[in-house]
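Each chain, letter by letter, is given below.
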Amino acid sequence: MAQTALKTCEICVSSAGTNYCTTCEQIFCDNCKAMHNRQKISKDHKFKDSVNVVQGIKATTSKCKEHKEDTIFVCNECYVLVCSKCITGKHNGHKLSDIEESVSSLSNVTKTEIRSILDAAGSNVTAVEKSLKKFDSEVDASVKGIQEHGSKLKKLIEREVGEMVATTKKKANAEKERLRKILTDVRTVLEKASVLEHKQNELQKTKNDSSTLLSKLLILTGEIEKLQTIHFVTGPTNSYTPGVTTNKHLTELLGKSDFSETHVTYIEGGTKISILTKETMHGHLYKCRCGYEMISATQ
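(A) Inspection of the overall build of the chain at higher detail. Across its full length, the chain carries seven helices and 15 strands. Counting over 299 residues, the chain shows a buried share of 40%. Of the contacts made within the chain by residues no fewer than 6 positions apart, 59% connect residues no fewer than 24 positions apart. Counting every atom, the chain has about 17,700 Å² of accessible surface; 52% of that belongs to carbon and sulfur.

(B) View of the sheet that holds strand 8 (residues 96-98). Strand order in the open sheet formed by three strands is 7-6-8, and the pairing between neighbours is antiparallel. Among the strands making up the open sheet, the edge pair consists of strand 7 (80-82) and strand 8. The average angle at which neighbouring strand axes cross in this sheet is 40°, direction not considered. With three bridges joining them, strand 6 (residues 73-75) and strand 8 adopt antiparallel strand pairing. Bridging across to strand 8, Val74 finds its partner in Ser97. Contacts from helix 4 (residues 99-153) reach strand 6, strand 7 and strand 8, with the element oriented near 65° to strand 8.

(C) Representation of the environment of Lys46. With respect to the helices and strands, Lys46 occurs in the loop between helix 1 (30-38) and strand 5 (47-49). When the C-alpha positions of Lys46 and Asn19 are compared, they lie 9.7 Å apart, and in sequence the two are 27 residues distant. Every residue in contact with Lys46, bar those within four places of it in the chain, is listed here: Tyr20, Cys21, Thr22 and Thr23.

(D) Focus on helix 6 (residues 210-226). Look at helix 6: 24 Å from first C-alpha to last across 17 residues, which is about the 24 Å you get at 1.5 Å a residue. Most of helix 6 sits out of view: 12 of its 17 residues are buried.

(E) Examining the pattern of salt bridges more closely. If you walk through the whole model with that rule in mind, you get 12 salt bridges. Ionic pairing is found between Lys43 and Asp44, a salt bridge with its closest N-O pair at 3.5 Å. Looking at Asp44, the relative accessible area reads 56%, which means it is exposed. Via salt bridges that share partners, Arg115, Asp119 and Glu197 belong to a single interconnected network.

(F) Just the packing of aromatic side chains, in detail. A complete count under the given rule lists two aromatic pairs for this structure. Ring centres of Phe135 and Phe259 lie 6.2 Å apart, and the angle between their planes is 65°; this geometry places the pair in the edge-to-face category. Residue Phe135 is found in helix 4, and its partner Phe259 is found in strand 11 (residues 256-260); the two are separated by 124 residues along the sequence. Judged by its relative accessible area of 26%, Phe259 is partly exposed.

(G) Highlighting the nonpolar core. Counting residues in hydrophobic clusters, the biggest one holds 41 residues, and the most contacted among them are Leu217 and Leu220. With 15 residues, the single largest contributor to this core is helix 4. Sequence-distant contacts of Leu220, that is, excluding residues within four places in its chain, are made with Ile114, Leu196, Lys199, Gln200 and Leu203. Membership of the second largest hydrophobic core comes to seven residues, among which are Cys24, Cys29, Cys32 and Phe47.

(H) How the structure looks around the packing of helix 4 against helix 5 (residues 158-205). In the contact formed by helix 4 and helix 5, the axes pass within 8 Å of each other and the chain directions differ by 165°. When the interaxial angle is binned, helix 4 and helix 5 end up roughly antiparallel. Helix-helix and strand crossings are classified by hand; for helix 4 and helix 5 the assignment is left-handed. Taken together, the residues of the contact of helix 4 with helix 5 sort by class into 23 nonpolar, 11 polar and 10 charged.

(I) Inspection of the packing of helix 5 against helix 6 at higher detail. Between helix 5 and helix 6, the least distance of the axes is 11 Å, while the angle of their chain directions is 170°. One finds that helix 5 runs roughly antiparallel with respect to helix 6. Only Leu213, Lys216, Leu217, Leu220, Glu223 and Ile224 of helix 6 make contact with helix 5, whose side of the interface consists of Leu196, Lys199, Gln200 and Leu203. Partitioned by chemical class, the residues of the contact of helix 5 with helix 6 number six nonpolar, one polar and three charged.

(J) Molecular detail of the side chain of Thr262. With respect to the secondary-structure elements, Thr262 resides in the loop between strand 11 and strand 12 (263-267). Polar side-chain contacts of Thr262 include one of 2.9 Å to the side chain of Glu175. Those residues in contact with Thr262 that lie beyond four places of it in its chain are Glu175, Arg178, Leu179, Ile182, Phe232, Thr234, Gly235 and Pro236.

What counts and how
- Residues numbered from 1 in each chain as written.
- Predicted model: local features only at pLDDT ≥ 70, side-chain atom pairs only at ≥ 80, totals over all residues.
- Heavy atoms only, no water.
- Helix = DSSP H or I, 4+ residues; strand = E, 2+ residues; numbered from the N terminus.
- Buried < 20%, exposed > 50% of the residue type's maximum accessible area, 1.4 Å probe, protein only.
- Contact = heavy atoms within 4.5 Å.
- Areas by Shrake-Rupley, 256 points an atom, 1.4 Å probe, with all protein chains shown as cover.
- Pairing = 2+ DSSP bridges.
- Axes fitted to C-alpha atoms, helices over the stretch in contact; angles between N-to-C directions.
- Expected span 1.5 Å × (residues − 1).
- Salt bridge = Lys/Arg side-chain N within 4 Å of Asp/Glu carboxyl O.
- Phe/Tyr/Trp six-rings, centres within 6.5 Å; stacked < 30°, edge-to-face > 60°.
- Core = buried A, V, L, I, M, F, W, Y, C linked by side-chain atoms within 4.5 Å.
- Parallel < 35°, antiparallel > 145°, perpendicular 65-115°, else oblique.
- Left-handed = near helix turned anticlockwise from the far one by under 90°.
- Nonpolar A, V, L, I, M, F, W, Y, C, P; charged D, E, K, R; others polar.
- Polar contact = N/O pair within 3.5 Å; in protein donor to acceptor, adjacent residues only side chain to side chain.

Below, the structure is given as structure tokens:
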């Protein structure tokens, strides 16, 4: 029996991938596996031999429920998979689409959708990290300015300085905590989108028949639609404006610490993915929340 060629590690893309993470659905070399297990977020992930994963894939054939024959087309008028007998029966005269073409079109669209989500999530991670660093610097500058200005007023405004510093830090901590949560959210989107990308890539490598591949792509499409994408608008800012140092109007002398709030937009679900056919675009393949596979008609 011929030996199955080892795949390349999908993390470092250089060493032989002998380990398969069942949680991430990715192939790791021994070194990358060790690093994966040391990380807090993935320390409990389970691995198995990647060769067994490849050898364990078996092709199946989708059968027509009415005629028990292989489905070979998509009926563009009834939005169902049909076999050769269906074509001469109740689907006679209907416009049909080749399953292979539907699979190819849907594969390209899902790949593009996942890449778009990955790019957006990656940009969001960078933007939030940059904003958090900038915000920390601004808050530090504000606190320093408050303390320096307060020292000029000495005992006369010592109580007010302490209160303003405390207020600034409290507001800063609240905004930083919100930024950290957003950062966690966008990293989660990035990780989930990476898993979906891996699934999509693996589907392209399988030897499943077109009907089975189409079914799995429909499931993948449903997962994409459920994925929450995030649009990071802008992070908070902070600045300190010192007042004039006199013995009158202590509140004005202390100045104020100004904040702008974090703005972010959460977008529920993905984009409904269209299927291109030989004739025209007749509908959208997707998997509804109840798990039933459907093709919704396009107006």
